[in-house]
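Summary of structural features
These are the residues of each chain, in order.
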Amino acid sequence: MKVLLLPNFQKEECGSITCKVIEELAKDNVEILALSEVRAFFDDSRVRFVSSERLEKDISFAVAIGGDGTIIKSANLLLEYDIPLIGVNLGTLGFLATIEKDEIDLLHKITSGEYKLEERLTLQVSIGHKDRVKKFTAVNDIIICKNAFSGILDIDICCADIKTANYRADGIIISTASGSTAYAMSAGGPIMHPSVKAITITPICAHSLLSRPIILPEFENISVKTNANLNKKQAFVVADGINSEQITQHDEITVSRYEKNIKFICVEGKSYYSAINKKLMER
């Protein structure tokens, strides 16, 4: 069995928690891998360093050590390799993390096969026109938003070539269920269980009393048009906070389900509902 570690050493406790993860995995005699770019932060003889550009296809699962941002970045890296992921939470909320930093011993359940896989919907956004088209994938959300100094945007949304909604707003968040507890929740969007295969559209600071989020089925193709231009109405498409592209006046924006799902590892005894209660209700 091969296990890939994806630690975020910008987190204060990452070094000590990573050592604990290695100790726990070493008990089960698994082969431990890590990306070569983190070698400067730790060098353990039990860890073999590999390139992120050519991950080995027989990796059993990966462990992201950090906050939700770390897990999202890791998920985007693993998406094309079909490698399951579990997160160890070093962040404030950590909705995407299954294990807290005091629960490292739960990794033994995974190495012994006591877990379930949860496949979650991912998105793809296409931006551009004619020969200039860029595509990005997202595990959490696609955000279409103005820059800080631009005027409010007019945003038209079409599904199946039928106009579905119009927003005057700072932008919109097109989210998966995984991303429903992130920026979309802060903007007033619904919280969805991660297993729900649906897409939500939530306006950001809408200039209307009647603007509401919309929930769409997973197979819907969403077409977005804005009044953005390169002068007074500057706007951007941002995928998972990782990739971004400025929108020009003639750009066509399409968001749809991506062909691959991301696989998250679920450990028995860990409940999404108790996580919601603990991380939101008790704050």
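Rules behind the numbers
Residues numbered from 1 in each chain as written. Predicted model: local features only at pLDDT ≥ 70, side-chain atom pairs only at ≥ 80, totals over all residues. Heavy atoms only, no water. Helix = DSSP H or I, 4+ residues; strand = E, 2+ residues; numbered from the N terminus. Rg over C-alpha atoms; globule rule 2.2 N^0.38 Å. Buried < 20%, exposed > 50% of the residue type's maximum accessible area, 1.4 Å probe, protein only. Contact = heavy atoms within 4.5 Å. Areas by Shrake-Rupley, 256 points an atom, 1.4 Å probe, with all protein chains shown as cover. Lys, Arg positive; Asp, Glu negative; His and termini not counted. Charge placed at Lys NZ, Arg CZ, Asp CG, Glu CD. Phe/Tyr/Trp six-rings, centres within 6.5 Å; stacked < 30°, edge-to-face > 60°.

**A few points about the overall build of the protein**
Scanning the protein from N- to C-terminus turns up 5 helices and 20 strands. For the protein, the C-alpha radius of gyration of 20 Å lies close to 19 Å, the compact-globule estimate for 283 residues. Taking all 283 residues of the protein together, the buried fraction comes to 50%. Put simply, of all contacts in the protein between residues at least 6 apart along the chain, 65% involve residues at least 24 apart. In the form shown here, the protein has an accessible surface area of approximately 13,900 Å², with 48% of it arising from carbon and sulfur atoms. The distance from the centre of the 33 positive side-chain charges to the centre of the 37 negative ones in the protein is 4 Å.

**Digging into the packing of aromatic side chains**
As enumerated under the stated definition, the model contains 3 aromatic pairs in all. Centre to centre, the rings of F9 and F41 are 5.0 Å apart; their planes meet at 5 degrees, and the pair counts as stacked. Within this pair, whereas F9 is found in the loop between β1 (2-7) and α1 (14-26), its partner F41 is found in the loop between β2 (31-35) and β3 (47-50), the two being separated by 32 residues in sequence. Under the relative-accessibility criterion, F9 is labelled buried at 19%. Judged by its relative accessible area of 54%, F41 is exposed. An aromatic cluster is present here, built from F9, F41, F42 and F49 joined pairwise through their rings.

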